Amino acid sequence: ALIYQGSDKDLLARKEKYLFSIQPNELAQSPEAFKKGFDVSFCLVRSKQILDGRYEDPDWIEFARHLVELAIVLEPENRMARVLLGKGLLRQGERTRARELFELARNPKPEKFTGSDDEDAWYSSCQLLADIYMELDMFQEAVNCLQDFRKSPKSGARTWLRLGQAIENR
């Protein structure tokens, strides 16, 4: 429907409902059929709004996770999608899988970022991984992540505090 009537206001208002009705395995079976009308950037932006916002309801977290899983089917190497899926998993208590996604997003560091979203996602993976490593008493790994995150414009006093704690405990 979005392919043929992409400017229909009523249709656009129901876009989230339509996207939620698509299952990742269906998308994976025939990505070319969906690719033309599928809006990966919408999925990522909407998921980011939910996961970084004040949405506490588990249904919203599941919705954000679903959107990101759809985006990953079409763009499996998308760093932002990996970080957002990791954030969703963290909110749902799946720390091990979230850690794996953050590690995939962080390593290896690209020589050049593809854009500001890619760079933000890389720095976010550093920060989030550092927090997980601190919880797991993996202090040297936390130090490495925090030293990278210090170079982010979003770094601040909390980063220095966490870095000091990690250095003290390693």
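If you're wondering where the values come from, they're calculated on a predicted model, not measured in any experiment.

Thresholds, definitions, all that
- Residues numbered from 1 in each chain as written.
- Predicted model: local features only at pLDDT ≥ 70, side-chain atom pairs only at ≥ 80, totals over all residues.
- Heavy atoms only, no water.
- Helix = DSSP H or I, 4+ residues; strand = E, 2+ residues; numbered from the N terminus.
- Buried < 20%, exposed > 50% of the residue type's maximum accessible area, 1.4 Å probe, protein only.
- Axes fitted to C-alpha atoms, helices over the stretch in contact; angles between N-to-C directions.
- Left-handed = near helix turned anticlockwise from the far one by under 90°.
- Contact = heavy atoms within 4.5 Å.
- Nonpolar A, V, L, I, M, F, W, Y, C, P; charged D, E, K, R; others polar.
- Salt bridge = Lys/Arg side-chain N within 4 Å of Asp/Glu carboxyl O.
- Expected span 1.5 Å × (residues − 1).
- Polar contact = N/O pair within 3.5 Å; in protein donor to acceptor, adjacent residues only side chain to side chain.
- 1 Å grid on protein atoms, 1.4 Å probe; cavity = no way out; pocket = protein on both sides within 12 Å on 5 of 7 lines; lining within 4 Å.
- Points joined across faces, edges and corners; volume = space filled by probe spheres on them.

### Looking at the overall build of the protein chain
Here comes step 1: Looking only at helices and strands, the protein chain features eleven helices and zero strands.
Here comes step 2: When the elements of the protein chain are put in sequence order from the N terminus, they spell out α-α-α-α-α-α-α-α-α-α-α.
Here comes step 3: Projected onto its principal axes, the C-alpha coordinates of the protein chain cover approximately 60 × 35 × 30 Å.
Here comes step 4: Across the 170 residues in the protein chain, those meeting the buried criterion constitute 43%.

### Regarding the packing of helix 9 (residues 116–135) against helix 11 (residues 157–169)
Here comes step 1: The interhelical angle for the contact between helix 9 and helix 11, taken along N-to-C directions, is 35 degrees, at an axis separation of 11 Å. The two elements helix 9 and helix 11 meet at a crossing, and its hand is left-handed. Where helix 9 approaches helix 11, its residues Gln127, Asp131 and Met134 are matched on the opposing element by Arg158, Arg162, Gln165 and Ala166.
Here comes step 2: When grouped by side-chain class, the residues that make up the contact of helix 9 with helix 11 number two nonpolar, two polar and three charged.

### Comments concerning the pattern of salt bridges
Here comes step 1: Summed over the entire model, instances satisfying the criterion amount to 13 salt bridges.
Here comes step 2: Salt-bridge contacts for Glu16 lead to Arg46; the nearest nitrogen and oxygen are separated by 2.5 Å. Separated by 30 residues along the polypeptide, Glu16 in helix 2 (residues 15–21) and Arg46 in helix 5 (residues 40–52) bring together distant segments of the chain.
Here comes step 3: Judged by relative accessible area, which is 24%, Glu16 ranks as partly exposed.
Here comes step 4: One salt bridge in this structure joins Asp148 and Arg106, with 2.4 Å as the shortest N-O distance. With Asp148 in helix 10 (residues 139–149) and Arg106 in helix 8 (residues 95–106), this pair connects stretches of sequence that are 42 residues apart.

### Some details on helix 7 (residues 79–91)
Here comes step 1: Helix length check: helix 7 (13 residues) gives 19 Å between terminal C-alpha atoms against 18 Å at 1.5 Å per residue, within 8%.
Here comes step 2: Burial analysis of helix 7 places eleven of its 13 residues in the buried class, the great majority of the element.
Here comes step 3: Of the positions making up helix 7, those classed as buried are Arg79, Met80, Ala81, Arg82, Val83, Leu84, Leu85, Gly86, Lys87, Gly88 and Leu89.
Here comes step 4: Packed against the buried residues of helix 7 are helix 5, helix 6 (58–74), helix 8 and helix 9.
Here comes step 5: Capping the start of helix 7, Asn78 holds a side-chain oxygen 3.0 Å from the backbone nitrogen of Met80, two or three residues further along.
Here comes step 6: Two residues or fewer after helix 7 comes Gly93, characterised by a positive phi angle close to 85 degrees.

### Here's the deal with the layout of surface pockets
Here comes step 1: If you add up the space inside the largest pocket, you get close to 260 Å³.
Here comes step 2: Residue lining of the largest pocket: 17 residues in total, with Lys48, Lys87, Asp120, Ser124 and Lys154 positioned closest to the centre.
Here comes step 3: Secondary-structure elements contributing two or more residues to the lining of the largest pocket are helix 5, helix 7 and helix 9.
Here comes step 4: In terms of residue count, the dominant contributor to the lining of the largest pocket is helix 9 (seven residues).
Here comes step 5: Its residues placed into classes, the lining of the largest pocket shows eight nonpolar, three polar and six charged.

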